[in-house]
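Examining the three-dimensional arrangement
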Amino acid sequence: MKCPACGFQNLEEARFCNRCGKKLDRGCPACGQVNPPGSKFCHACGAGLIKTPGPPPIDFTEPQSYTPKHLADKILTTRSAIEGERKLVTVMFADVAGFTALAEKLDPEEVHRIMDGCCRILVDEIHRVEGTVGEFRGDGVMALFGTPIAHEDHAQRACHAALAIQQALVPYGEEMKKKHGIDFRMRIGLNSGLVVVGSIGDDLRMDYTAMGDTTNLAARMETAAEPGGVLVSEDTYRIVRDYFWFRPLGSIQVKGKETPQLAYELLRSTQIETRLEASVARGLKELVGRDDELGALTLAFEKAKRGEAQVVDMVGEAGIGKSRLAYEFQKSLGEEAFFLTGACVHYGRNMNFLPVVDVVRAAFSIEEGMTEEEVKGRIVVRATDSLSPMIPFFQSLLSLKADDPRFTMLNPEGRKFGTFEAVKNLLLAVSREKPLVVFLEDVHWIDKISEELFAFFSRCILGHPVLMLSAYRPEGSPQWAQGVHYQRLSLKTLGSKLSIRLVRNLVGGLPLATDLEKKIVAKTGGNPFFVEEVVRELFDRGDIRKQGDHYVCDQPIDNLVIPNSVQGVLSARMDRLNEDLKRTMQVASVIGSIEKSFSDYQEAVGIARQIGDKQAELGCLCQIPVLIYNSTMEGTMPRICDEGLALARALGDKGAEARILTSFTHWRYVWQRSNEFARMYEALSLAIESGQPSAIGYVRGMLTLDERWAGNPGRALEHSEGLIELFRSLFNIFLGSAVAFLRGWSLTDVGRYREAILLLREWAGILEQNGVYVHLGRCWNGLGWAYAEIYDFQTALNFNTRALSNVLALKDKSPAIIYAALEMQGQCEVNLMENNFDLGKVDEAWEHIVRFERESARPEYDMLRDRWSSRMKDLKAAILLGRGDLDAAEGLARECLEVGRQRGYQKYVGKAQSLLGRVMTERGAYDKAEDNLRSAQAVLEKVGNPKQIWITEGHLAKLYEKINRHDLAREHRQAAAKVVQKTTDGLSDHQLREGFLNALPVREILIRAEQ
Ligand SMILES: Nc1ncnc2c1ncn2[C@@H]1O[C@H](COP(=O)(O)OP(=O)(O)O)[C@@H](O)[C@H]1O
Ligand SMILES: [Mg+2]
C-alpha cells in the first residue's frame, strides 16, 4: 500500500507508513468510506479494498502480447489479401517531449514504469480505432492506420486517436507531476502516404516499406509539434479537413526537406461525422437523377402510411449517394412523418446499441448538451401509460442510472428482452401520432445487438404506419433483409450525361473543356463522391481556370490524379472485393455464381487501373481465365490473356505469366483444337523459374489434365505427384479436388484401381462435407468408372447414378458452366449405358443410347461432345456387332477412329482400332483384322490401360483361333491372363479382389489361359 503523504510503497497489510509514520487509512474506491488500516473489504459497501496487482508490463517485442484478440484474428484472416499490396495509410509518431532531460533526472526503473503506463494509453487508443503499433521506441511509438486492417478513413481514425491520446495524457501528466515533479507531455505528428506491406507473421509482426518519405514526414511533423499538440501534414489535412478543426501554421522548414512543408495543428473534431454532413456544410449541389429511386421511396412511404409497413434497404458503394438520397427523401416528407435517424460509425462495431441510442434519443426529442435531469424529464414526459414500466430500460440505454432498483437484478437476457420490447413499444407509440420513418445509416458498421434489435423490430411493424429504411454498402445484408414487406433498392453509378451535369454544377454551371469532362467521367466511373473530389482537387491545385465561358485545364489531362480521399475508398473496396474473390476461387462456390465472380473480377480490374495498382490488376488477370475458360464467357479469353500477358511481362512476374500462358494454351487446346504442348512446357519452366508454388502447381495441374486427354496418363500422374498436398496446404479445395479427380482417373487409366478408388472416395467425402458440389460429380463419376473397370457393376451403377443427378442439378443452377456440365452429363450417361450392357441388359443399354442420342442432338452439347460421344458410339457399335449389323458397326468404328485421331485422344484411337479389328474378324477379313488389332494393342500398351489391353489380347486370341494359329492364340491368351493377374495383384483389398476374380470375363480369361 502506498502512503498518500510521502508516496512510500508499504506492505499491503501495513497500518502505519514505514517511512513517515503516518496512519494508513483505506478509503473505499467505491463509496468513499474510510476503513481501518489492514481492511480487505469496505464495511459500508462490501467492495474490495486491496488493489489487485496491475497488469504485467507490456512486452514490446511481442505484438501478440499487446494486440487484442479480435484485432489479431482480423489481421490473420485477411493477411493473405494484404501482403505485397500498396496501401495508402496514415502514420503516427508520438514521442515524449524532452525525454532525454527526463531520463537523466529519474532512475531508469522509474522511467521504464512511466513509459509503460504511457504506452498503455497509446496502445489502447490506437487499438480502439483499429490502428496498429508499428514500433515501440524508447520514448514513444510509431503507429499505422489503414494497414494491416484496411480502413478507407485511416486518416480520420488517426486524428481521433491522436486527440484521444492527448486527452488521456492530461490526467496522466498531472499524476506524473505530483509523483515525480516532471512535465510529462507528448508530441504527435501525422502524415498520410503509401506503404508497401511485406509479410505478416503468425506473431503479427509486419514488414512494410514506406514509399518516398511517408514515415519520415510524419516524424518531422512530430518534432515540430508543440508538447501536448498534434501536427499534421498537408496530405493528411486534405483528407480530413472537413471532419476536424485545424490551425494552419503555414509553411514550416523541416529537416531533410528542401522545400518548406505546409503544416496544420489539429485542434478538435467538428460535429461532422459523415461525408454527407461535410457536403451539407460546404453547400449541397443540385441532386442529379435518382428520380426512380425517390419515386420508389415515396411509394413505399405511401404504403406504410396506410398501415402496410415497409422495410427498404438502399444498397450501393461508398459515395454512390445513399445518404444523399435519404436526405432528399426526408426533405420531401416535410412535416408529414417523424424521421428518426440512427447512425452507425466506423469505430462502432464493438459499441452496443449505438444506432438504437440515436433513434431513441430522437424519439424522446433529447438534444445535445442536456443535463441528466433534463434527459430524465424528457423520458418521463413521453413514456406514459404502457410505456412507463419501461423507463428503467430507456434510462439504462441512455447511460443514465436506472432509478428502479429491480432493474439491476435482471440477468443479461432479461435486460436484452426488456430493452427490445421497450424500444419497439416506444417507436410504435410514436407511429400512432404520425407515420414514422426509422432510418439506419451506414449499416455495414452496425453492432450485433443493434442488428438483432432492428431485425426484431422489422417483424413487429406489420400493420403499423412504419417505414424502416437503411443504407449500407454491398458487403452482405443485415438480418432484416427478408420478408414480404422487404425491398432492396440498388443504387447504380450515374451515367455520363448526369455525371457531366454534376461536374458542371460543381464548377458553377459552366462547361469544362470537352475532353476534360470526358476524362473526369471516365476516371470517376459515375460515382458522385468521386466526381466531387476530383473536381475539388483540380480547383485546390489551381489546375483549372476560367477562360471565356468555360473552364480549361493547364495540366496535361493525363495527369489527372485521383485524390487521396478517393484512393482510400477505392483501395478499401478493392480489399473487400479481393477477399470475396479469394474465397470464391478457393471454395469453388465459383460455380453457381460464375457470372457474378466474372463481373466482380472485371470490376476489380477497373478499380486497380483507376488507382494504378498494377499488382492487383495482374492478380485478377491471372484468375479470370481460370474462372472462364470452360464457361460461356470463354470468348473473352484472347483479350483477357493478351492483357494479362503484357502486364505480367512488363512487371517481370514470371509466375503470373506462366499461369496465364497455361490457361490460354489450354483454352486453345480445348476450343481451337490446336495442340501446343510445347507451350505448356515453356510455361512450366517459367513457373519453375518464378519459384512461386501456386504458379508451379497451377501449370502442373493443367498439364495433368491435358496429358491425360492426350493419352499419357503416366505423365499425368507424374505431374500431379504431390500437387494435392500443395493445394491442401494453400487451402484451395477447388484446385485440390480438381487434381484429385484427374489423378483418380489417371490411376484408373493405368490400372492402379485401388489407389484410384481410395483417392476418389476421400475427396468425394471432403467435397460432400464442405458442401462443395462442383467437383463432387466428377469424383463420383470417376468412382463409377473405376468400379466398372474391375467388374463391380452394381457399385459402379450406384456411383454413376449419383453423379448424374449431381450434374443435372448443377446444370440447372449455373448456366455459365453449361458446356462442362453437359460434357459431364455425357460421361455419366455413357457410364450408365455401359454398366447396363455389362450387366447383360443389352436392350436397356440400347434404349438409353437412342434416348440420349435424341437429347444430345441439341447444339449446346456440341462444344465438348467429342469427349464422350466416341465412347457411346463404341458401345453402340459393340451392340450392333453382336446383332450382326457389320456395316453399321464398321461405320461407327471408323467415326470413332477419326475423332480420336483428330483430337489426339490415344485411348479412343486404340479402342476404335480394336473394335474395327473385331468387325474385320467377323467379316472374315483376317489380314485387316490382324493389322487393326495389332496396332490397337500397340497404342493401348503405350497408354497403359490394362482393361483395354486384355480385351484386345482376347480378340487377337480369337482371331488366331479362327485361322488355326493355335500357338499364337495361346500366346495372346496368356498375355491377357498376365495383365489380369497383375491387376489382381494390385487389388490388395480382399473384397475388391474377390469380386474381380469372380467376374465372368476375368474367370474366362484365366481358365482359358490354363488350357
Ligand atoms: N444524385 C446526386 N446528385 C448530386 N450529388 C450527389 C448525388 N448523389 C450523391 N451526391 C453527392 O455525392 C457525395 C456522396 O454522396 P453520399 O450520399 O454521401 O454517398 P454514400 O452515402 O452512398 O456514401 C455527397 O456529397 C452527395 O451530395
Ligand atoms: Mg453515406
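Keep in mind the model is a prediction, meaning the values are calculated, not measured. The residue numbering used here restarts from 1 in each chain and proceeds along that chain's sequence as written. A letter from A marks each chain and a number from 1 marks each ligand, given out in the order of writing. Local features in a predicted model are, by the rule used here, given only for residues with pLDDT of at least 70; side-chain atom pairs are given and counted only at 80 or more, and totals for whole chains, interfaces and linings are based on all residues. For the side-chain quantities, the full set of heavy atoms in the structure was used; hydrogens and water were omitted.

This next bit is on the side chain of threonine 984. Starting at the N terminus, helices and strands are each numbered in turn, a helix being any DSSP run of H or I of at least four residues and a strand any DSSP run of E of at least two. Relative to the helices and strands, threonine 984 resides in helix H40 (residues 966-986). By relative accessible area, threonine 984 is classed as buried at 1%. Throughout, a residue-residue contact means that at least one pair of heavy atoms, one from each residue, lies within 4.5 Å. Residues within four places of threonine 984 in sequence aside, it is in contact with Arg993, Phe996 and Leu997. Three labels apply to residues, based on accessible area from a 1.4 Å probe with only protein chains included: buried if under 20% of the type maximum, exposed if over 50%, partly exposed otherwise in between.

With that out of the way, let us pick up the side chain of threonine 524. Tracing the sequence through the fold places threonine 524 in helix H18 (residues 514-524). A relative accessible area of 2% places threonine 524 in the buried class.

Before going further, it helps to spend a moment on the nonpolar core. Counting 131 residues, the largest nonpolar core has Ile628, Tyr787, Ile790 and Phe996 as the members making the most contacts within it. When residues no more than four places from it in sequence are discounted, the contact partners of isoleucine 790 are Tyr753, Ile757, Leu987, Leu992 and Phe996. Grouped together as the second largest cluster of nonpolar side chains are 53 residues, Ala363, Leu400, Ala402 and Met468 included. Here the nonpolar core consists of buried residues drawn from Ala, Val, Leu, Ile, Met, Phe, Trp, Tyr and Cys, with membership extended through side-chain atoms lying within 4.5 Å.

For the rest of this paragraph, the subject is unusual backbone geometry. Despite not being glycine, arginine 290 has its phi angle at roughly 65°, a positive value. On the secondary structure map, arginine 290 appears in the loop between helix H8 (275-282) and helix H9 (291-305). Not every positive phi belongs to a glycine, and aspartate 442 is a case in point at roughly 55°. Within the element layout of this structure, aspartate 442 appears in the loop between strand S13 (436-441) and helix H16 (448-460). Using a relative accessible area of 11% as the deciding quantity, one classes aspartate 442 as buried.

Before going further, it helps to examine the sheet that holds strand S15 (residues 486-490). Paired strands are those between which DSSP finds at least two bridges. Spatially, S12-S13-S14-S11-S15 is the arrangement adopted by the five strands of the open sheet, whose pairing is parallel. What marks the edges here is a single partner per strand, and that holds for strand S12 (338-343) and S15. Across the sheet, the mean angle from the axis of one strand to that of its neighbour is 15°, orientation sign disregarded. Sheet analysis places S12 next to S13, joined by six bridges and oriented parallel. Counterpart to alanine 343 in the pairing with S13 is glutamate 441. Under this scheme, a helix contributes an axis fitted over its contacting stretch, all axes are lines through C-alpha atoms, and angles between N-to-C directions fall in the 0 to 180 degree range. Here H9 sits on the sheet in contact with strand S11 (310-315), S13, strand S14 (466-472) and S15, set at roughly 160° to S11.

A separate point is the site of ligand 1. Residues are counted as near a molecule or strand when any one of their heavy atoms sits within 4 Å of it. For ligand 1, the set of nearby residues contains 20 residues, the closest of which are Ser279, Val288, Gly319, Ser323 and Arg324. Think of a polar contact as two N or O atoms within 3.5 Å of one another; within protein, one of them needs to be a possible hydrogen donor and the other a possible acceptor, and neighboring residues in sequence only count if both atoms come from side chains. Between isoleucine 320 and ligand 1, the recorded distance is 3.3 Å, taken from a backbone N or O atom to an oxygen atom. With respect to ligand 1, the backbone of arginine 324 contributes an N or O atom lying 2.7 Å from an oxygen atom. With residues, only the protein chains shown are counted as cover, and all accessible areas are computed by Shrake-Rupley using a 1.4 Å probe. Coverage of ligand 1 by the protein chains reaches 98% of its 550 Å² of free accessible surface. When contributions to the shell around ligand 1 are tallied by element, the ones reaching two or more residues are H8, helix H10 (322-333) and helix H19 (528-540). Note that Gly is not counted as nonpolar here; it falls among the polar residues with everything else outside the nonpolar set of Ala, Val, Leu, Ile, Met, Phe, Trp, Tyr, Cys and Pro and the charged set of Asp, Glu, Lys and Arg. Residue classes in the shell around ligand 1 are distributed as nine nonpolar, four polar and seven charged.

Before going further, it helps to spend a moment on the environment of phenylalanine 16. If you trace the backbone, phenylalanine 16 turns up in the segment before strand S1 (26-27). Between the C-alpha atom of phenylalanine 16 and that of alanine 304, which follows or precedes it by 288 residues, the distance is 73 Å.

The next subject is the packing of aromatic side chains. One pair of aromatic rings is described through two measures. These are the centre distance and the angle between the planes. Pairing of aromatic rings covers Phe, Tyr and Trp, the last counted by its six-membered ring, and requires centre-to-centre distances within 6.5 Å; plane angles under 30 degrees mean stacked, over 60 mean edge-to-face, and any other angle means tilted. Inspection of the entire model under this criterion finds 29 aromatic pairs. Plain terms: the ring middles of tyrosine 669 and phenylalanine 677 are 5.7 Å apart, the flat faces sit at 80° to each other, and that makes the pair edge-to-face. Residues tyrosine 669 and phenylalanine 677 agree in their burial class; the two are buried. Cluster of aromatic residues (ring-pair linked, three or more members): Tyr237, Phe244, Phe246 and Tyr264. Taking the ring centre of tryptophan 846 as reference, the NZ or CZ of arginine 883 above it sits at 4.6 Å. By the criterion adopted, a ring carries a charge over it if an Arg CZ or a Lys NZ lies within 6 Å of its centre and within 35 degrees of its normal. Directly above the aromatic system of tyrosine 791 lies the positively charged group of lysine 947, at a separation of 5.0 Å from the ring centroid.

A separate point is the pairing of strand S16 (residues 544-547). One face of the sheet, then the other: side chains in a regular strand alternate in exactly this way. The sheet contact formed by S16 and strand S17 (residues 550-553) spans four bridges and is antiparallel. By the bridge assignment, arginine 545 is partnered in S17 with valine 552. Here S16 hands over to S17 after two residues, with glycine 548 in that stretch at a positive phi of 65°.

Nothing here speaks to function; it is geometry throughout.
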